[in-house]
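Here is how the chains run, residue by residue.
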Amino acid sequence: MVKIELIKGDITNLEVEVIVNAANTSLLGGGGVDGAIHRKGGKQILYECIEIRNRQGGCKTGEAVITSGGNLPVKKIIHTVGPRWNDNKSDEVNKLKSCYQNSLRLAEENKLTSIAFPNISTGIYKFPKDKAAEIAINEVKRFETVFINKVVFVCFDDENFDLYKMLLDFGF
Ligand code: AR6
């Protein structure tokens, strides 16, 4: 059984085996949590992202890639690209589900035991926070794993934290 934890704070401070980054298709960094991870994690992460770009041409929405943790206190970073909300006209709900599934699958393939997620797509990409929280919790709960024993949801803002707390307390 996977243990789910909820914390409010900055994901770059987390000491877990892998953290997830809410990246964009270029993999070259950006604002929000992506900016924070690259700033604090150092150049090594960017170099590895560039290598991935050269190999496969970036990362599609809903997909995920993995790099080392650079200077952060983690073994690995999984970079996933969340959808930009557009009233679900481009199947954003399923794309966000894929972000969680593909990130968990990559963690599992790399035999990582603890993983922390930010609230993917709920910042610059404007995905409705309540819908995104339900998707995140649901996808984690239905993922079948051998290696992962802990999943941490890291909320940066009060609104997300309160939503996750309510959903988790009510056993959603
Ligand atoms: N730790 C944890 N969560 C954070 C942090 C942090 N240090 N900083 C922000 N958040 P966003 P998106 C929260 O905008 O919506 C970038 O430019 C934030 O409050 O980072 O998926 C990428 O390059 C929000 O709840 O990502 C893309 O272009 C959540 O992280 C684009 O933004 C996600 O917000 C992706 O947009």
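The structure under discussion appears in the preceding block.
The shown structure was predicted, so the numbers you read here are calculated from the model rather than taken from an experiment.

Here is what the cut-offs are and how they apply
Throughout this description, residue numbers start from 1 for each chain and increase along the sequence as written. Reporting of local features is limited, given that this is a predicted model, to residues whose pLDDT is at least 70; pairs of side-chain atoms are given and counted only at 80 or more, and all residues count toward the totals for whole chains, interfaces and linings. Just so you know, side-chain values use all the structure's heavy atoms and leave hydrogens and water out. Under the DSSP-based scheme used, a helix requires at least four consecutive residues in state H or I and a strand at least two consecutive residues in state E, with every element numbered from the N terminus. Summary of the burial criterion: residues with accessible area below 20% of their type's maximum are buried, those above 50% are exposed, and those between are partly exposed, where the area comes from a 1.4 Å probe applied to protein chains only. Axis definition: a line fitted to C-alpha atoms, limited for helices to the stretch in contact. Angles are taken between N-to-C directions and run from 0 to 180 degrees. When describing relative orientation, an angle under 35 degrees is termed roughly parallel and one over 145 degrees roughly antiparallel, while 65 to 115 degrees is termed roughly perpendicular and anything else oblique. Each crossing gets its handedness from the near helix: less than a right angle anticlockwise from the far helix is left-handed, clockwise is right-handed. Contacts are assigned to residue pairs with any non-hydrogen atoms lying within 4.5 Å of each other. Each residue is assigned to one of three groups, with Ala, Val, Leu, Ile, Met, Phe, Trp, Tyr, Cys and Pro labelled nonpolar, Asp, Glu, Lys and Arg labelled charged, and all others, Gly among them, labelled polar. In this analysis a 1.4 Å probe is tested at points of a 1 Å grid over the protein atoms alone, and where it fits but cannot get out there is a cavity; an open set with protein on both sides within 12 Å along at least five of seven lines is a pocket; lining residues have an atom within 4 Å of a point. Grid points are joined across faces, edges and corners, and a volume is the space filled by probe spheres set on the points. Counted as salt bridges are all cases of a side-chain nitrogen of Lys or Arg within 4 Å of a carboxyl oxygen of Asp or Glu.

Asker: Can you walk me through the environment of Gly 171 in this structure?
Answerer: As for its placement among the helices and strands, Gly 171 is situated in the segment after helix H5 (158-169). According to the relative accessible area criterion, Gly 171 is exposed, its value standing at 54%. Between the C-alpha atom of Gly 171 and that of Ile 7, which follows or precedes it by 164 residues, the distance is 17 Å.

Asker: Would you take a moment to explain the packing of helix H3 (residues 92-109) against helix H4 (residues 129-142) for this structure?
Answerer: The relative placement of two packed helices comes down to the angle between their axes together with the axis-to-axis distance. At a minimum axis distance of 9 Å, the contact between H3 and H4 shows a crossing angle of 40°. The angle between H3 and H4 falls in the class oblique. As H3 packs across H4, the resulting crossing turns out to be right-handed. Residue-level contacts link Val 93, Leu 96, Lys 97, Tyr 100, Gln 101 and Leu 104 of H3 to Ala 132, Ile 135, Ala 136, Glu 139, Val 140 and Arg 142 of H4. Taken together, the residues of the contact of H3 with H4 sort by class into 8 nonpolar, 1 polar and 3 charged.

Asker: I tried to follow the layout of surface pockets on my own but got confused; where do I start?
Answerer: Sizing a probe to match a water molecule and rolling it over the atoms shows the empty space that remains. The calculated volume of the largest pocket comes to roughly 560 Å³. Taken together, 27 residues form the lining of the largest pocket, with Ala 22, Gly 32, Val 33, Asp 34 and Gly 123 sitting closest to its centre. At the level of secondary structure, the elements contributing two or more residues to the lining of the largest pocket comprise strand S2 (18-23), helix H1 (32-41) and strand S6 (150-155). With 4 residues, the top contributor of residues to the lining of the largest pocket is H1. Looking at side-chain class alone, the lining of the largest pocket contains 12 nonpolar, 11 polar and 4 charged residues.

Asker: Explanation requested: the pattern of salt bridges in the structure shown.
Answerer: Close approach of charged atoms allows side chains of opposite charge to pair. In this structure the tally under the stated criterion is 8 salt bridges. Arg 142 serves as the salt-bridge partner of Glu 139, at 3.1 Å between the closest nitrogen and oxygen. Pair noted here: Glu 139 and Arg 142 are both in helix H4, with a separation of 3 residues, about one helical turn. Owing to a relative accessible area of 3%, Glu 139 belongs among the buried residues under this scheme. Linked through salt bridges whose partners overlap, the residues forming this network are Lys 129, Asp 157 and Glu 159.

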